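Understanding the architecture of this molecule
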Amino acid sequence: MTTRLLYGISELTTNDPTVGDGSAMGRLTDAALILDEEAVVWVGPAEEAPAADSARDLGGRAVIPGFVDSHTHLVFAGERSDEFEARLAGRPYDGGGIGRTVAATRAASPEELLVAAAGRQRLLARGGVTTLEVKSGYELTVEGEVRSLEVAALLTEEVTFLGAHVVPAEFAQDRDAYVALVAGEMLTACAPRARWADVFCDTGAFSVDEARTILTAARQHGLGLRLHGNQLGPGSGVALAVELQAASVDHCTHLSDDDVAALAGSATVATLLPGAEFFSGGPPPSARRLLDAGATVALATDCNPGTSYLTSMTTALWLAVREMQMTPDEALWAATAGGARALCRSDVGVLGVGARADLVILDAPRAAHLAYRFGDVIEEVMTAHGPPGASRVPA
Ligand SMILES: [Zn+2]
């Protein structure tokens with residue numbers, strides 16, 4: 001394999017505590033990296049860098065691992081800007097609008113879904129996302145959820161079955177039948193096409209008992225578990241996620257002291273989605289409280305048409321710093337290594353030796369500029385597997 005030396009790195013963030021300054025950020029100044037086609041093969045001070053097949057001077061720019069966006073709903077049709085305008089005029093979000101996206105998504109052709117989802121993926125990738133998770137959840141029929149997962153699988157290997165996003169209108173009078181469908185026939189059809197199962201466990205969505213039924217069945221099909229929990233109000237979603245040893249519980253907006261303690265004492269990642277609160281005008285979750293307790297925190301976009309049409313991880317990072325009391329370094333770690341933890345991945349979100357060669361070159365001397373400057377500071381995105389955002393979908 002050919003090797004490439006990148007030197008002239010003013011500040012390198014590796015998220016590998018065995019590298020550099022010994023902090024969680026694994027930081028080096030005046031650094032160099034050597035990559036082969038797939039992975040990082042050397043990291044260290046530039047003056048100690050061995051020879052490589054080619055060399056490139058980054059001219060005093062900072063380098064960070066590619067962002068890991070561990071929570072997106074990219075596969076959907078239509079848009080709901082009118083709902084956003086109504087909310088700005090004072091109407092609160094109650095979760096009911098998902099039905100509109102379900103109708104639009106069911107009516108779209110597979111090609112339309114592919115092109116729309118791939119377009120959103122390209123925006124995320126241009127902004128530095130090199131690994132992303134994509135959920136189904138806007139068709140809510142056996143055939144439709146399979147179709148959405150097949151679209152998602154063209155974009156990423158981190159595919160999540162979210163048949164339990166909302167109870168569709170045709171089951172409004174018999175939600176037990178829908179839960180049985182999701183945990184039965186739908187799961188059987190979808191499990192081979194997904195790595196993860198997720199449930200929207202909240203007020204107006206699925207109860208804790210329903211979520212437990214679905215997630216327990218999903219685990220029996222070999223899927224990893226994730227949960228939308230405690231977004232719209234206090235509840236037992238976080239407790240259930242910890243009980244089931246889910247990889248991640250996402251939103252965590254309304255947490256009791258017991259929830260915080262449970263997360264801190266578990267391997268379940270608290271994935272915070274600051275775009276959702278910014279978009280809906282609700283109170284942001286307190287990352288500070290979770291971090292001070294010792295919980296692992298990730299940041300993601302929650303890109304979806306109803307509550308967070310966000311296609312920029314940098315913006316999520318700004319919001320986390322300004323609204324959720326995270327330091328710039330904590331936010332950067334959460335958006336890279338934290339997202340990787342939430343997906344149980346050790347090969348991404350880090351730039352130690354052996355990590356995937358996915359990185360972002362900043363047009364800035366320090367990574368803190370991601371939060372310090374309101375604007376795009378991303379110079380270039382490099383990935384091990386072709387250009388960022390590459391998929392089998394034509395542009
Ligand atoms: Zn979500």
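Computed from a predicted structure; not experimentally measured.

Analysis parameters
Residues numbered from 1 in each chain as written. Predicted model: local features only at pLDDT ≥ 70, side-chain atom pairs only at ≥ 80, totals over all residues. Helix = DSSP H or I, 4+ residues; strand = E, 2+ residues; numbered from the N terminus. Expected span 1.5 Å × (residues − 1). Buried ≥ 20, exposed ≤ 12 C-beta atoms within 10 Å, placed from the backbone. Contact = placed C-beta atoms within 7 Å. Arc of directions from axis to C-beta.

Attention now moves to helix α5 (residues 175–190). Because each turn of an α-helix spans 3.6 residues, side chains separated by three or four positions end up pointing in the same direction. Helix length check: α5, at 16 residues, gives a terminal C-alpha distance of 20 Å against a target of 22 Å (1.5 Å per residue), a shortfall beyond 12%. Along α5, the residues that are buried comprise Y178, V179, V182, A183, M186, L187 and C190. Where α5 is buried, its residues meet α4 (142–153), β7 (158–164) and α6 (208–220).

Of note, Q245 is a non-glycine position whose phi angle comes to about 55°, a positive value. With respect to the secondary-structure elements, Q245 resides in the loop between α7 (237–243) and β10 (248–251). Positioned with a positive phi, D302 is a non-glycine residue whose angle comes to about 60°. With respect to the element layout, D302 can be found in the loop between β12 (297–299) and α11 (313–323).

All of the buried residues along helix α8 (residues 257–264) are D259, V260, A262 and L263. Down the axis, α8 shows its buried residues gathered within 165° of arc, on one side only. Those residues of α8 that are exposed and angled more than 90 degrees off the buried face are D257 and D258. Elements that come into contact with the buried residues of α8 comprise α7, β11 (269–272) and α10 (287–293).

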